[in-house]
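Tertiary structure, described
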Amino acid sequence: MEKHLHPSVEQFKQFVKKHPKIIQEVRKGKKTWKQFYEDWYLFGEEDELWNEYREGEKKQETDGSALIYKVLSVVKNIDPNEMQKHIATVQEAIAAIQNVIGQLQGMRQSENVSREQHPFSFRKD
């Protein structure tokens, strides 16, 4: 009985055959097959991140694509629960800052009202 792989896995295998440097990277332990597959699945075969693995082609990575690649690789390793906790903490901090600003604005408005009621300030000498 022959085991059939998912079509995307078959396509990835064909992609790796065209880019043998990927095999070398996995053997050296620089990246895993899973990491390469995820990058291939997310970015596609034509993304500039593959330039360094293409035979006979120059690496043509721009700063923008390198930055996007780095951001996406960081994002995919983020634990959603941890991210939710950080977002909740930031939201609480923003709410506290807004509360302080609101209180300061309220104090300023009450000072303006009291000045309007007493246009001349008299002090005891």
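Residues numbered from 1 in each chain as written. Predicted model: local features only at pLDDT ≥ 70, side-chain atom pairs only at ≥ 80, totals over all residues. Heavy atoms only, no water.

What about the nonpolar core?
Counting residues in each nonpolar core, the largest one holds eleven residues, listed as Phe12, Phe15, Val16, Ile22, Val26, Phe36, Trp40, Phe43, Leu49, Trp50 and Tyr53. Every element with two or more residues in this core is listed here: α1 (7–18), α2 (21–28) and α3 (33–43). The residues touching Val26, leaving out its near neighbours within four places in the chain, are Lys31, Thr32, Trp33 and Phe36. (Core = buried A, V, L, I, M, F, W, Y, C linked by side-chain atoms within 4.5 Å. Buried < 20%, exposed > 50% of the residue type's maximum accessible area, 1.4 Å probe, protein only. Helix = DSSP H or I, 4+ residues; strand = E, 2+ residues; numbered from the N terminus. Contact = heavy atoms within 4.5 Å.)

Let's talk about α3
Those residues of α3 not exposed but buried are Phe36, Asp39, Trp40 and Phe43. The arc enclosing the buried residues of α3, seen along the axis, measures out at 100 degrees, which places them on a common side. In α3, the exposed residues that point more than 90 degrees away from the buried face are Lys34, Tyr41 and Leu42. The first or second residue beyond α3 is Gly44, which carries a positive phi of 85 degrees. (Arc of directions from axis to C-beta.)

Details of a nonpolar patch on the surface
On the surface, a nonpolar cluster with roughly 560 Å² of combined accessible area is contributed by Leu67, Val71, Val74, Val75, Ile78, Met83 and Ile87. Broken down by element, the residue count for the nonpolar patch peaks at four residues, all from helix α4 (residues 63–75). Here Val75 shows up in helix α4. (Patch = residues over 30% accessible without salt bridge, like charges linked within 9 Å, V, L, I, M, F, W, Y side chains within 5 Å. Areas by Shrake-Rupley, 256 points an atom, 1.4 Å probe, with all protein chains shown as cover. Salt bridge = Lys/Arg side-chain N within 4 Å of Asp/Glu carboxyl O.)

Some points on α1
If you check α1, its first and last C-alpha atoms are 17 Å apart, about what twelve residues at 1.5 Å a residue would give, namely 16 Å. Along α1, the positions that sit buried rather than exposed are Ser8, Phe12, Phe15 and Val16. In a view along the axis of α1, the buried residues occupy a sector of 100 degrees, so they form one face of it. The exposed set on the far side of α1, more than 90 degrees from its buried face, consists of Pro7, Lys17 and Lys18. (Expected span 1.5 Å × (residues − 1).)

Read these as layout, nothing more, since geometry by itself doesn't imply function.
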